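Working through the structure, step by step
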Amino acid sequence: MSTISHDQDWVRRPAAAGEGTLCDAAEYEALYARSLEAPDEFWAEQAGRLDWVQKPAKIADWSYDPVDIKWFEDGVLNICHNAVDRHVEAGNGARTAIIFEPDDPEGETRHISYADLQREVVRMANTLKKMGVAKGDRVTIYMPMVPEGAFAMLACARIGAVHSVIFGGFSPEAIAGRVEDCKSDWIVTADEGVRGGKPIPLKANVDAALEKVPAKGVLVIRHTGGAVTMKDGRDHWYHELSRDVAADCPCEPMKAEDPLFILYTSGSTGKPKGVLHTTGGYAVWTETTFRYVFDYRPGEVYWCTADIGWVTGHSYIVYGPLQNGATAVMFEGVPNYPDHDRFWAVCAKHKVNIFYTAPTAIRALMREGEGHVAKHDLSALRLLGSVGEPINPEAWRWYHDHVGGGTTPIVDTWWQTETGGVMITTLPGAHDMKPGSAGKPFFGICPQLVDADGGVMEGAAEGNLCITRSWPGQARTVYGDHERFVQTYFSTYPGKYFTGDGCRRDADGYYWITGRVDDVINVSGHRMGTAEVESALVLHPKVSEAAVVGFPHDIKGQGIYCYVTLIAGEEATEELEAELRQQVRREIGPIATPDHLHFTSALPKTRSGKIMRRILRKIAENEFGALGDTSTLADPGVVETLIEGRRNR
Ligand code: WT7
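Source: prediction; values computed, not measured.

Our focus in this paragraph is the sheet that holds strand 4 (residues 96-101). Ordered by their spatial adjacency, seven strands build an open sheet running 5-4-17-16-18-19-20, and the pairing between neighbours is mixed. Whereas interior strands pair on both sides, the edge strands pair on one side only; in this sheet they are strand 5 (110-113) and strand 20 (410-413). Across the sheet, the mean angle separating the axes of adjacent strands is 20 degrees when strand polarity is ignored. As defined by bridge partners, strand 16 (residues 301-304) adjoins strand 17 (residues 327-331) across three bridges and the pair is classed as parallel. Paired with V301 across the strands is T327, a residue of strand 17. Against the sheet, helix 10 (residues 311-323) makes contact with strand 4, strand 16, strand 17, strand 18 (354-357) and strand 19 (383-387), and its axis sits at roughly 165 degrees relative to strand 16, the strand it touches most.

Time to look at the site of the ligand. Every one of the 17 residues lining the ligand counts as a neighbour, but D412, T413, T417, D501 and R527 are closest to it. Backbone polar atom of P390 to a nitrogen atom of the ligand: 3.4 Å apart, as the coordinates give it. Interatomic distance of 3.5 Å between a side-chain N/O atom of N522 and an oxygen atom of the ligand. Contact with the protein chains covers 95% of the free accessible surface of the ligand, which is 550 Å². Mapped by element, the contributors of at least two residues to the shell around the ligand are helix 10, strand 20 and strand 28 (511-516). A per-class count over the shell around the ligand returns six nonpolar, six polar and five charged.

Here we come to the packing of helix 3 (residues 79-92) against helix 10. As a packed pair, helix 3 and helix 10 sit with axes 8 Å apart at the nearest point and diverge in direction by 55 degrees. Considered as vectors, helix 3 and helix 10 are oriented oblique to each other. You can see that helix 3 and helix 10 cross each other, and the crossing is left-handed. Where helix 3 approaches helix 10, its residues I79, N82, A83, R86 and H87 are matched on the opposing element by Y319, L322 and Q323. Tallied by class, the residues present in the contact of helix 3 with helix 10 amount to four nonpolar, three polar and one charged.

Sheet strands pair by backbone hydrogen bonding; their relative direction is either parallel or antiparallel. As summarised here, the arrangement of the eight strands in space is 12-11-8-6-7-14-15-26, forming an open sheet in which the pairing is mixed. If you trace the sheet from one side to the other, it starts and ends with strand 12 (235-237) and strand 26 (477-478), each paired once. Relative to strand 14 (residues 259-265), strand 7 (residues 162-165) is paired through two bridges, and the arrangement is parallel. Considered in strand 14, the bridge of S164 is made with I262. Packed onto the sheet, helix 10 meets strand 7 and strand 14 and runs at close to 140 degrees relative to strand 14.

So, on to the layout of surface pockets. Of the voids in this model, the second largest pocket is the one considered here, and its volume is about 590 Å³. For the lining of the second largest pocket, the secondary-structure elements that each account for two or more residues are helix 6 (172-181), strand 15 (273-278) and helix 16 (530-538). Here the lining of the second largest pocket gets seven residues from one element, more than from any other, and that element is helix 6. For the lining of the second largest pocket, the residue count by class is 11 nonpolar, five polar and 10 charged.

Relative to the helices and strands, A358 is located in the loop between strand 18 and helix 12 (359-367). A residue is classified by how much of its surface remains accessible, and A358, at 18% relative accessible area, is buried. Counting along the chain gives 57 residues from A358 to V301, while the straight-line C-alpha distance between them is 18 Å.

Scanning all chains against the criterion turns up 45 aromatic pairs. Ring plane angle 70 degrees and centroid distance 5.8 Å describe the contact between F170 and W310, whose orientation is recorded as edge-to-face. Of this pair, F170 sits in the loop between strand 7 and helix 6 while W310 sits in the loop between strand 16 and helix 10, placing them 140 residues apart in sequence. You'll find F170 and W310 in the same group, each marked buried. Three or more aromatic residues joined by ring pairs make a cluster, and in this case those are Y28, Y32, F42, W43, W52, W71, F72, W285, Y292, F442 and F443. When the ring centre of Y292 is taken as reference, the NZ or CZ atom of R291 above it lies at 5.6 Å. A cation over an aromatic ring shows up here: K434 above the ring of W10, its NZ or CZ 4.2 Å from the ring centre.

Turning next to the pairing of strand 7. On strand 7, burial covers both faces: V162 and S164 on one face and H163 and V165 on the other are all buried. Across four bridges, the pairing between strand 6 (residues 138-142) and strand 7 is parallel. Looking across to strand 7, one finds that I141 is bridged to V165. Since strand 6 and strand 7 lie parallel, the crossover through helix 5 (residues 147-159) that links them has a hand, and here it is right-handed.

Our next topic: empty space enclosed by the protein. Counting across every chain of the model gives three cavities of 30 Å³ or more. As for the largest cavity, its lining consists of L77, N78, I79, C156, A157, G160, A161, M254, P259, L260 and T279. Of all the secondary-structure elements, those providing two or more residues to the lining of the largest cavity are helix 5 and strand 14. Looking at the lining of the largest cavity, its residues break down into eight nonpolar, three polar and no charged. When its volume is computed, the second largest cavity comes out at roughly 40 Å³. What lines the second largest cavity is simply V165, I166, F167, F170, R178, L263, Y264, G309 and W310. When the residues that make up the lining of the second largest cavity are grouped by side-chain class, the tally is seven nonpolar, one polar and one charged.

About the thresholds
Residues numbered from 1 in each chain as written. Predicted model: local features only at pLDDT ≥ 70, side-chain atom pairs only at ≥ 80, totals over all residues. Heavy atoms only, no water. Pairing = 2+ DSSP bridges. Helix = DSSP H or I, 4+ residues; strand = E, 2+ residues; numbered from the N terminus. Axes fitted to C-alpha atoms, helices over the stretch in contact; angles between N-to-C directions. Contact = heavy atoms within 4.5 Å. Near = heavy atom within 4 Å. Polar contact = N/O pair within 3.5 Å; in protein donor to acceptor, adjacent residues only side chain to side chain. Areas by Shrake-Rupley, 256 points an atom, 1.4 Å probe, with all protein chains shown as cover. Nonpolar A, V, L, I, M, F, W, Y, C, P; charged D, E, K, R; others polar. Parallel < 35°, antiparallel > 145°, perpendicular 65-115°, else oblique. Left-handed = near helix turned anticlockwise from the far one by under 90°. 1 Å grid on protein atoms, 1.4 Å probe; cavity = no way out; pocket = protein on both sides within 12 Å on 5 of 7 lines; lining within 4 Å. Points joined across faces, edges and corners; volume = space filled by probe spheres on them. Buried < 20%, exposed > 50% of the residue type's maximum accessible area, 1.4 Å probe, protein only. Phe/Tyr/Trp six-rings, centres within 6.5 Å; stacked < 30°, edge-to-face > 60°. Lys NZ or Arg CZ within 6 Å of the ring centre and 35° of its normal. Right-handed = clockwise from strand over helix to strand, strands pointing away.

Below, the structure is given as structure tokens:
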């Protein structure tokens, strides 16, 4: 995989791209300037597209020292009303909100109109209330990619409950940790999920998690009809409990700074953090970014292939598109089932106009050849998007030439769970593109590159990416641990938000994300803390120490490389290797399965006992010539042994 970047390698936006788009180059410049010069006016105006119970008079009110972030503070609104009811009230109830495409291509496609959506969300909301859920309660949602997952999120928002969605690929251990951390008494799940024809035992996973932590109620949606055990008094079938609920449910008026959701994400240390987003700022940010980045036009079909378990699903399957009255495809399956053309078959079937996916999927499909693309009529595609990790120029070109027919613009959107929505991207009608570069800052975003000492770097430079001002969609805190929020994001460079990413800015002011500079790795667009994998490994009684690093992987972007030392007297066997893989899957989930387990008698340490990860990273990358200074190692001989071990695999 090449990471060479060619500054001069422009791809011009099609001449017609500016026509009819919301924003051409001059408008972008003007709006961007205004968003910085008059942020209150600018954001009051954007917020004006939403329905408010009480319009906000206070707009931005934030400080990074001490850290206290508020937007639209005296405003009152409900995001579910904005995503659902207001479209029905405006006479657009018959418009399609969600097109559901099941895992099985022979299965039933569902078209859910905004009126249907309203009915379904009300039913779910009243059922949650009937189970006992109240405003402010945390509700865990552990669901397959079916519309009921979105109904559950919107139902929580409707009644003022705080959702915490957990990706369906996480293990019972991971569920238990998250349920416990946010003290969530309520779970919404399904009997099973299906992906690529294989069932996923969601309810059984919840049962296993609830052996470790208590819950008051579990609402179970029947999806596959697979067998589950129901615990009396705790577990309720949705189709039974919802039977006689009322057909209306008012949207709870929420203060702008009332919590909307918690989403767990990995950092460089400790357990995953519950990133907290609040109502008003997140609503405005997702509505505005979706509108401009995807340049959505009424009637168009938009498809984001993410899972609702990640922030991309929250912001760009549910809240962004629906607040814009868009038609969004929700896909239950995987790109390679039943064959490698499934994405393109679905695009053709539903005449998708805007398609948003991850580089890892593009690379995997690219490997299978363009024949799979050529089989399908993709002429409806007008805009492509990429998200989750840096896209290498080859994959960008392939996506552009074969999927986009050589003309369709690509938006490479850089953002994070903590940013709530897109921060850096080109806009389709405003900017020419450079394959591999995310592009320019979105309205209101002030990126800054700083060196290791915090020195601000001007012009063309490469450094650590910070954001100097707040924006409406910014996370407000780590649930239950504000100090951790402050420490993680605002202490490295005081007074700035530190993203954890490295970045280069070229002479044209385009940003090129180079990847994480902390101990976070990005595996197939999934963010993982190396410390989490290490903790899982050392739980095994035969393991003494573990050090985990990322290494370049052709398809996944990064793979997981684990160095493991064993307790004296224990032997590295194939069984042990299998046990350790299993251990990580059990603790975290299949997405964290190690690619390499490298047993070693010692790890490179400084004389004070600190593991030198820089060296381990280089060895995992097969970069033996670039190990840097090894003179501070307690035992320099360790390095030779490790290189030897790496060469032999
Ligand atoms: C990390 C955030 C953005 C939602 C999905 C992931 C990396 C994300 C890009 C991009 C280069 C990217 C960064 C970031 N990343 N998008 N377009 N180009 N890198 O959200 O799990 O919070 O991960 O993903 O390293 O910090 P997340």
